[in-house]
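Residue strings, one per chain:
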Amino acid sequence: MGSETTSIDVIKTQIPIETQSLSITGDVNTGLVLVDLVNGFCTVGSGPMAPSAPDAQISGMVDESVRLSRLFCKKNWPVFAFLDSHHPDKPEPPYPPHCIVGTPDAELIPALQWLENESNVTLRRKDCIDGILGSFEKDGSNVFVDWVKTNQIKVVLVVGICTDVCVLDFVCSTLSARNRGLLPPLEDVIVYSRGCATYDLPVSISRNIKGALPHPQELMHHIGLYMASGRGAKVVSEVSFGLDEEQ
Ligand SMILES: [Zn+2]
């Protein structure tokens, strides 16, 4: 354990992340994107992709996501929530069956179920990792692209799970789409580090599971943020709302 911690520190020195603080004032149209805050990823015991025991990184991510959601809804600012949801006959390898439609695993966590009744919130079920790809309708329109345009969003603030999987792919696709001019007037994609989390599968456990890749939580969370940063996202470690927060 001691040596694992030391190696993470070495990696963090080799690939450091420049973090900033974000103060949201309302002067710039900002949209909050919640990635997969569903039971199947966040609630202890809710299927194979959920934590098997209370997890500090995931709990912290949930707390921050709830805090930001409350403030955005209080201000009536736009919120877009992805819900990973799969039909049982459409697997998503290499992952085991998870977040099956019609089960609680594919529903918002209890602390965020109230979002379903908020008029400023767009909910989108997706059956793939990449949220932009998962937002296409059969007629070729895209729910996420339309959300950015309709709300004239210049900054997207991203939280959720997993930092290095669905959050990262969403960030990469959004930045590519922005760079191609497909997401006007979007300018910045901001990832909130304490509002993100990933799952934990230490090598000591994965080596006993056939075909499993190790996925040490703290390291993969860091790498996810680093990759997002490398693609052009801004990473922030604090998000504040000025004086409004306490009201
Ligand atoms: Zn999935």
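None of these values were measured; they are calculated from a predicted model.

## So, the overall build of the protein chain
Tallying secondary structure elements over the protein chain gives 7 helices and 7 strands in all. Listing each helix as α and each strand as β along the protein chain from the N terminus yields α-β-β-α-α-β-β-α-β-α-β-α-α-β. Relative to the globule expectation of 18 Å for 247 residues, the C-alpha radius of gyration of the protein chain, 18 Å, shows essentially globular dimensions. On the principal axes, the C-alpha backbone points of the protein chain span a range of 50 × 45 × 40 Å. The long-range share in the protein chain, meaning contacts at least 24 apart out of those at least 6 apart in sequence, stands at 73%.

## As for the UniProt feature "domain: Isochorismatase-like" (unreviewed entry) in the protein chain
UniProt's feature table lists "domain: Isochorismatase-like" (unreviewed entry) at residues 31–200, given in the numbering used throughout. For the annotated span residues 31–200, helix accounts for 27% and strand for 20% of the residues, and the straight-line distance between the end C-alpha atoms is 29 Å.

## A look at the nonpolar core
Counting residues in hydrophobic clusters, the biggest one holds 60 residues, and the most contacted among them are Val-35, Val-158, Ile-161, Val-167 and Val-191. Ranked by the residues each element gives to this core, the list is headed by strand β6 (residues 188–197), at 6 residues. When sequence neighbours within four positions are dropped, the list of residues in contact with Ile-161 reads Val-35, Asp-36, Phe-41, Cys-42, Ile-58, Met-61, Val-167, Cys-196, Ala-197 and Thr-198.

## Concerning the pairing of strand β2 (residues 30–35)
Along β2, 6 of the 6 residues are buried, which leaves the element largely enclosed by surrounding structure. In this sheet, strand β5 (residues 155–161) lies alongside β2 in parallel orientation, the contact comprising 6 bridges. Paired with Leu-32 across the strands is Leu-157, a residue of β5. Pairing between β2 and strand β3 (residues 79–84): 4 bridges, direction parallel. Looking across to β3, one finds that Leu-34 is bridged to Ala-81.

## Remarks on the sheet that holds β3
Strand order in the open sheet made by the 7 strands is β1-β7-β6-β5-β2-β3-β4, with parallel pairing throughout. Single-partner strands in this sheet number two, and they are β1 (19–23) and β4 (121–126). For this sheet, the mean inter-axis angle between neighbouring strands, taken without regard to orientation, is 30°. Sheet strands in contact with helix α4 (residues 143–150) are β3 and β4, and its direction is about 165° off that of β4. Contacting β2, β3, β5 and β6, helix α5 (residues 166–179) crosses the sheet at an angle of about 160° to β5.

## Comments concerning the pairing of strand β7 (residues 234–240)
In this structure, β1 lies alongside β7, joined through 5 bridges in parallel fashion. The partner of Ser-21 across the bridge, within β7, is Glu-238. One ladder, built from 3 bridges, connects β6 with β7; its direction is parallel. Bridge pairing in β7 places Tyr-192 opposite Val-236.

Cut-off values and rules
- Residues numbered from 1 in each chain as written.
- Predicted model: local features only at pLDDT ≥ 70, side-chain atom pairs only at ≥ 80, totals over all residues.
- Helix = DSSP H or I, 4+ residues; strand = E, 2+ residues; numbered from the N terminus.
- Rg over C-alpha atoms; globule rule 2.2 N^0.38 Å.
- Contact = placed C-beta atoms within 7 Å.
- UniProt positions renumbered as here; feature names shortened; annotations may be inferred.
- Core = buried A, V, L, I, M, F, W, Y, C linked by C-beta atoms within 7 Å.
- Buried ≥ 20, exposed ≤ 12 C-beta atoms within 10 Å, placed from the backbone.
- Pairing = 2+ DSSP bridges.
- Axes fitted to C-alpha atoms, helices over the stretch in contact; angles between N-to-C directions.

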